[in-house]
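Listed here are the chains, written in short residue letters.
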Amino acid sequence: MSLYILPILFLFIFLYAHAKKVNCYDTFINGAKKSIPLVVDIFPYIAAIMIAVSLLRTSGITSLLADFTSPIFNLLGIPTELIELVLLRPFTGSGSYALLNDVLLTYGADSYISRCACVILGCSETIFYVTTIYMSQTKVKKLLYAIPVALICSIVGSILACLLCKIM
Amino acid sequence: MNKIWLCMIILSICFLLWTDPGSVLSQMLDSSKDALTLSIELCAVYAVWLGILELVEKSGLSEKLARVLHPIIKKVFNINDPLTERLIAMNISANMLGLGNASTPLAIKAIKQMDTGSPVASTAMIMLIVINATSIQLLPTTVIGLRQAAGSTSAADIILPTLITTIFTTILAIFLVKLCAKLFKRGEK
């Protein structure tokens, strides 16, 4: 079912644009052209965040932090096995998918731990990564309460995910 | 962001100094290379999406979409610029379909459009960031794909809990941003 959504959507967009007498070829080229300057602009931001995350992981700080905070997370209903995932999720997309894959292979795809991990990833985003990239084109320096609020929502989401996987 | 990033770097280097000092530079170079690889991949992905999105924009579809979502966007973001509204409408739709890579360039454009040159983020900007951060996803395609690959017998059974969680956190996010915006305004007076 979900396999068909995108191709049908694309087909609809092309046909609709053609019906509206838009020159599809030129318009597509015009849009696609913008991808290179965009990526050139955001590359340094991606590099900076990825360097910091890889240093954090190799230094062992994240696993140390996971051990250290496990009583709190366990109290909230988040299993110890998933703490590193919850901690790293705000920083790295590819990193957290790699962690999810580890969890899936270690505990089995249909285990409680794996289902929790899937829901946590499905309902959260890479907050720090997204924020830096979104802001990369502006002069904004003060984000006020943006990051704390996003983090709170993400933690609440993780707690809810673990709870729902228990009962569903 | 400066403080967070600096803390991450300094703490990590301090730790690595007495565990594995040789790995500092090699790790940094490796991840910079990973970032470049990712950027090149993103460039290709964005070319496809920006091309399609230009068609959506030029054919007037985005206007239609914005009109459908207008009451919600109006209420949540409280903005008056029609272009920003269209961009946000497309960003949210892309998010719902689980197209993270399509929604990112849209959000960047929307934020740029809202930028007034002020160093402080506006409430609408924060709202967009937070809503994207809680990711209103109807179809977590990547996660389902990974789960299937790992041999799950019913890979799609995480859709319902994900949906409930994602709707709940998005509502919570909107509520919290509104609340904080009020508190901050009161603080300024």
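What counts, and where the lines are drawn
- Residues numbered from 1 in each chain as written.
- Chains lettered and ligands numbered in written order.
- Predicted model: local features only at pLDDT ≥ 70, side-chain atom pairs only at ≥ 80, totals over all residues.
- Helix = DSSP H or I, 4+ residues; strand = E, 2+ residues; numbered from the N terminus.
- Rg over C-alpha atoms; globule rule 2.2 N^0.38 Å.
- Buried ≥ 20, exposed ≤ 12 C-beta atoms within 10 Å, placed from the backbone.
- Contact = placed C-beta atoms within 7 Å.
- Nonpolar A, V, L, I, M, F, W, Y, C, P; charged D, E, K, R; others polar.
- Domains from an automatic or database assignment.
- Expected span 1.5 Å × (residues − 1).
- Bend = angle between axes of the 7 residues up to and from the residue.
- Axes fitted to C-alpha atoms, helices over the stretch in contact; angles between N-to-C directions.
- Parallel < 35°, antiparallel > 145°, perpendicular 65-115°, else oblique.
- Left-handed = near helix turned anticlockwise from the far one by under 90°.
- Core = buried A, V, L, I, M, F, W, Y, C linked by C-beta atoms within 7 Å.

J.: Quick rundown of the overall build of chain A? Include the residues and the values.
T.: Within chain A, the regular secondary structure consists of nine helices and zero strands. Helices and strands appear in chain A in the N-to-C order α-α-α-α-α-α-α-α-α. Relative to the 2.2 N^0.38 estimate, which gives 15 Å for 168 residues, the radius of gyration of chain A is 20 Å and therefore markedly larger than a compact globule would have. Expressed along its principal axes, the backbone C-alpha trace of chain A runs to roughly 60 × 40 × 30 Å. Across the 168 residues in chain A, those meeting the buried criterion constitute 43%. Counted over contacts in chain A with a minimum sequence separation of 6, partners at least 24 positions apart contribute 63%.

J.: Just give me the short version of unusual backbone geometry, but keep the residues and values in it.
T.: Unusually for a residue other than glycine, Lys21(A) sits at a positive phi of about 60 degrees. When you line up the elements, Lys21(A) lands in the loop between helix H1 (2–19) and helix H2 (24–33). Judged by local crowding, Lys21(A) falls into the exposed class, with 7 C-beta atoms found within 10 Å. Despite not being glycine, Asn78(B) has its phi angle at roughly 60 degrees, a positive value. Within the secondary structure, Asn78(B) sits in the loop between helix H3 (61–77) and helix H4 (82–96).

J.: Describe in detail the interface of chain B and chain A, supporting the description with residues and values.
T.: Quite often, the size of an interface is put as the accessible area lost when its parts meet. Across the boundary between the two partners, chain B contributes 82 residues, which contact 79 residues of chain A. With 22 residues, the top contributor of residues to the side of chain B that touches chain A is helix H2 (residues 23–58) of chain B. Taken together, the residues of the side of chain B that touches chain A break down into 50 nonpolar, 25 polar and seven charged.

J.: Would you mind going over the domain arrangement of chain A in detail, with residue names and values included?
T.: Segmentation of chain A into domains returns domain 1 (1–33) and domain 2 (41–167). Between domain 1 of chain A and domain 2 of chain A, the C-alpha centre-to-centre distance is 34 Å.

J.: How would you sum up helix H3 (residues 35–58) of chain A? Please name residues and give values.
T.: Residue and element names in this part refer to chain A. Taking 1.5 Å of rise per residue, the 24 residues of H3 would be expected to cover 34 Å, and the 32 Å separating its terminal C-alpha atoms lies within 8% of that figure. Along its length, H3 reaches its greatest deviation from straightness, about 40 degrees, at Ile-42, and the proline Pro-44 lies no more than four positions downstream. Immediately beyond the C-terminal end of H3, within one or two residues, lies Gly-60, with a positive phi of roughly 85 degrees.

J.: Got a sec to walk through the packing of H3(A) against helix H8 (residues 127–135) of chain A? Specific residues and values, please.
T.: Residue and element names in this part refer to chain A. Between H3 and H8, whose axes approach to 9 Å, the crossing angle comes to 155 degrees. Between H3 and H8, the crossing angle belongs to the class labelled roughly antiparallel. You can see that H3 and H8 cross each other, and the crossing is right-handed. Along its contact with H3, which presents Ile-42, Tyr-45 and Ile-49, the element H8 presents Phe-128, Tyr-129, Thr-132 and Ile-133. Taken together, the residues of the contact of H3 with H8 break down into six nonpolar, one polar and no charged.

J.: Describe the nonpolar core, listing the residues and the values that go with them.
T.: If you look at the biggest cluster of nonpolar residues, it comprises 99 residues, and the most contacted ones within it are Ile120(A), Leu128(B), Ile129(B) and Val130(B). Of the domains in this structure, domain 1 (1–33) and domain 2 (41–167) of chain A are the two that each give at least three residues to this core. Each residue touching Val130(B), except ones within four places of it in the same chain, is listed here: Ala146(A), Val149(A), Ala150(A), Cys153(A), Ala173(B) and Val177(B).

J.: Pulling in residues and values, what's your account of H4(B)?
T.: Taking 1.5 Å of rise per residue, 15 residues should cover 21 Å, and H4(B) covers 21 Å from first to last C-alpha, within 8% of that figure. Taking burial as the measure, the 15 residues of H4(B) include 12 buried ones, the bulk of the element.

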